[in-house]
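# Chains, contacts and geometry: an overview
The primary structure of each chain is shown beneath.
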Amino acid sequence: MMKDCLIIGAGPAGLSAAISAAQNGVDVTVIDEFMKPGGRLLGQLHEEPDHVWWNGIEEAQKLFDEVLNQSIDLKLGTSVYHIEKANDNWLVHTNEGIYRGKTLLVAAGAAERSIPIPGWTLPGVMSIGAAQVMTNVHQVKPGHNGIVIGINVLSLAIARELQLAGVHLQGIVLPPEHLLTKGVSHPMDVFQSLLHLTHLAPSPLLKWGGLLAGKSAFIQRLSLQMYPKNGFKLWNISVQMKRVVTEIVGHEQVQGVKTADLTASGDIVPGSERTIPVDFVCIAGGLYPLVELVGVAGCPFKYIPSLGGHVPIHDERMKTPVDGLFVAGNITGIESAKVAKAQGHLAGLSISEALGKLTENAEIKRAIEHIEKTREKALIQFHPDIKKGRKHMETIAADFQKKEVSGQ
Amino acid sequence: MREDMIICRCEEVTYKDIYQTVEHHQCSSRETKLRTRAGMGYCGGRTCRTFVDQIVAEVYGEPSGDAIPLKYRPPVRPIPFKTMGGK
Ligand SMILES: Cc1cc2nc3c(=O)[nH]c(=O)nc-3n(C[C@H](O)[C@H](O)[C@H](O)COP(=O)(O)OP(=O)(O)OC[C@H]3O[C@@H](n4cnc5c(N)ncnc54)[C@H](O)[C@@H]3O)c2cc1C
C-alpha cells in the first residue's frame, strides 16, 4: 500500500514528525527496529537547573499517546536494511517486507563512538549507552562495581543514572593516549572540553571549572596541576582527569582494570600503576549521526565536527537535496532530545507542505524559531560550537540549491 | 601502546594489522578494508570505521573530507539469505 509518508525511527524526532504530519492529514507509517517507541528517550533521566526531572520514559509515553490518538500506523520490531527510489516513490526494505511511500523521513538518531583499549573485547566491557539501556530500559544492573572510561557530557549524565539505580562506580577516568584517542585522553584537552558544561550541576568540579572559563592558558595549566589526583566529586562520583586506564584485564570476563596516575602534562607518574577490581567497564567515546540509510539513498554529506561528523546536507526546513527525502533529529547533528522533538515537528510540517497539505508558511516559520529557542535553553549540549555548525549547514544547503537551480 | 589491540571486533583485526597495511601500501580506507577485512563484519563497520579512517588519515594523509570514506552499502543490517531470494 502506498503511504503519503514513511518515517524511519520512532524516537522524539520521528514521533513528533508523525504527529504534526498526521495533524495536517498526511497518511503516515512509522517504522522502528526496537520493540518500544521512544528511541533514546527511553534511557534518559536527568535533573534540570530548575530541579524538575526530565524523565524520558514519561516523555516517550506522551508522544506515544498522541500517536495512538491520531491513529498513526506504527511498526515496531521492524528493521530497515535498504531504501531505494522507484518511479518517484520510496521503497523501504525491512525484515517484515517492503513499504512504499511518496515521501520519506529518516530520523535514525545517533550511534556511539567507542574507544579501543587493550582488553576491550572482554565480556563485561560495554558502551556507556548499553549500560544506560540495560539499567533504565530493561532494569537490569550491568554489574555491581564498575568504572567509566571517557569523560564527556554523555558519560557524566549516564554515570549519574547508574548511581541513581544503585550501581557502584569506581569513578570516571581517561582512556590511554594513542593515535585513536587524540583529544580525549590528555588531561588538558579534557579539562578544556568540560569548561562549557559548568551549568550542568552545582558541583565543586564544575563551579571550579566555571571560574576558569575564559582564563589564560597559563592559569588553566596551573589549575590543572593543582587538580587532585582522586578527582572531584560530582554527585558523589569521582571524576578523575588525572587517572588513566591502560588495560582492561580478566580471564574470560572483566575482572579489573590497570590504572595509573597522570601528571598535568599527561605523563604516567612512575610507580603509580595498580590494578583495581571491577566487574564491568563502560567506554564513552561520544556520539555520531547514524547516516547509513541516507548514505544508501544517495544523499550528499558535509563533514562538520561540531555536529558530530558526517551529516546529510539539509536546509532549515529539514529537506535534503534528494527529492522527497527529509531528515530530523540526531541524524542532522548531535543535540538533546528536546531539540530532536522540535526538529521532528518542523519536518512533519515540511512534509505536509511538500505533499500540498499545508500552505500556511507562518506555522513553518514558528517551528523554525521554536528549534532555535529550544537550542538556546538546552541543558545538555554535546558540542560548544553547535550553533556555528548549524549556521554552516544552512549556508551549504543554500549554495547547493543555487547550484541545482543553475544546473551545475 | 599494545599493538595487538583489536580494532575491528567482528573480524578480529588488530591495530598492527591495519597500521602496517596502510604504511606498506599507502592506501585509502576502502583499500585497507579490502586488504584486512576491517569493517567487513557483522556490524557493518559501525564500531571501527572511524578508527580505520583515523589511522588512514594519520599514516596515509587522507584527511576527513565531505564524502564518507567507507561508503555505506545495503544491506545495512544483517539479514538471512532467504530475504534476498534464497531458499
Ligand atoms: C546512548 C545515548 C544516550 C543519550 N543520552 C541523552 C541524554 O541523557 N539526554 C539527551 O538530551 N540526549 C541524549 N542522547 C541524545 C539523543 O540521541 C537525543 O536525546 C534524542 O533521543 C535524539 O532523537 P532522535 O529521534 O533523533 O533519535 P533516537 O531517539 O535515537 O531514535 C532513533 C530511532 O531510530 C531507530 N532506527 C535507527 N535505524 C533504524 C533502522 N535501520 N531500522 C529501523 N529503525 C531504526 C532506532 O531504533 C531508534 O528508536 C543520547 C544518545 C545516545 C545514543
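Calculation rules
Residues numbered from 1 in each chain as written. Chains lettered and ligands numbered in written order. Predicted model: local features only at pLDDT ≥ 70, side-chain atom pairs only at ≥ 80, totals over all residues. Heavy atoms only, no water. Salt bridge = Lys/Arg side-chain N within 4 Å of Asp/Glu carboxyl O. Helix = DSSP H or I, 4+ residues; strand = E, 2+ residues; numbered from the N terminus. Buried < 20%, exposed > 50% of the residue type's maximum accessible area, 1.4 Å probe, protein only. Domains from an automatic or database assignment. Contact = heavy atoms within 4.5 Å. Buried area = accessible area lost by both parts, 1.4 Å probe. Core = buried A, V, L, I, M, F, W, Y, C linked by side-chain atoms within 4.5 Å. Polar contact = N/O pair within 3.5 Å; in protein donor to acceptor, adjacent residues only side chain to side chain. Expected span 1.5 Å × (residues − 1). Disulfide = S-S within 2.5 Å.

## Some details on the pattern of salt bridges
Residues and elements named next belong to chain A. One pass over the structure, following the stated rule, counts 25 salt bridges over all chains. Residue D4 is joined to K357 by a salt bridge in which the shortest nitrogen-to-oxygen separation is 3.7 Å. Within this pair, whereas D4 is found in strand β1 (residues 2-8), its partner K357 is found in the loop between α9 (337-354) and α10 (361-377), the two being separated by 353 residues in sequence. The exposure class assigned to K357 is partly exposed, which follows from its relative accessible area of 38%.

## Re the domain arrangement of chain A
Residues and elements named next belong to chain A. On domain assignment, one finds that chain A holds domain 1 (2-111 + 287-406) and domain 2 (114-283). A separation of 32 Å is found between the C-alpha centroids of domain 1 and domain 2. Counting residues at the interface gives 19 residues for domain 1, matched by 16 residues for domain 2. Here domain 1 packs against domain 2, burying approximately 1400 Å² in sum over the two surfaces, 65% of which is carbon and sulfur. Scanning the region where domain 1 abuts domain 2 turns up zero salt bridges.

## Comments concerning the nonpolar core
All names here are of chain A. I7, V28, V30, I72, L105 and L346 are the most contacted members of the largest nonpolar core, which totals 39 residues. Counting only elements with at least two residues in this core, the list comes to β1, α1 (12-23), β2 (28-31), α2 (56-69), α9 and α10. In terms of residue count, α9 provides more of this core than any other element does, eight residues in total. When residues no more than four places from it in sequence are discounted, the contact partners of V30 are I7, G9, A10, A18, I72, D73, L74 and K75. Core analysis: the second largest hydrophobic core is formed by 38 residues, I158, I172, V244 and F280 among them.

## Quick notes on the interface of chain A and chain B
Chain A puts 28 residues into the contact, and the matching count from chain B is 29 residues. Carbon and sulfur atoms supply 64% of the area buried between chain A and chain B, which totals about 2800 Å² over both sides. Area buried by chain A at its contact with chain B is led by A:Y81, A:L179 and A:L180, which between them contribute 24% of it. Between A:E33 and B:R77 there is a salt bridge, and its shortest N-O distance comes to 2.9 Å. Linking chain A to chain B there are twelve residue pairs in polar contact (both at pLDDT 80 or more).

## Some details on helix α4 (residues 153-164) of chain A
Residue and element names in this part refer to chain A. Compared with an ideal rise of 1.5 Å per residue, which puts twelve residues at 16 Å, α4 spans 17 Å between its outermost C-alpha atoms and is within 8% of the ideal. Within α4, ten of the twelve residues are buried, which leaves the element mostly enclosed by the surrounding structure. Listed in full, the buried residues belonging to α4 are V153, L154, S155, L156, A157, I158, A159, R160, E161 and L162. G166 sits one or two residues past α4 and shows a positive phi near 85°.

## Digging into the side chain of B:T14
Residues and elements named next belong to chain B. Structurally, the position occupied by T14 is in strand β2 (residues 13-14). Of the residues examined, T14 reaches a relative accessible area of 16% and is grouped as buried. Dropping the residues within four chain positions of it, T14 is found in contact with E3, D4, M5, I6 and I7.

## A short note on the state of the cysteines
All names here are of chain B. Under the defined criterion, the tally for this structure stands at zero disulfides over all chains. Not part of a disulfide, C8 finds its nearest cysteine sulfur in C48, a span of 4.1 Å. For C8, a relative accessible area of 2% translates into the label buried. With no disulfide partner, C27 has as its closest neighbouring cysteine sulfur the one in C48, 14 Å distant.

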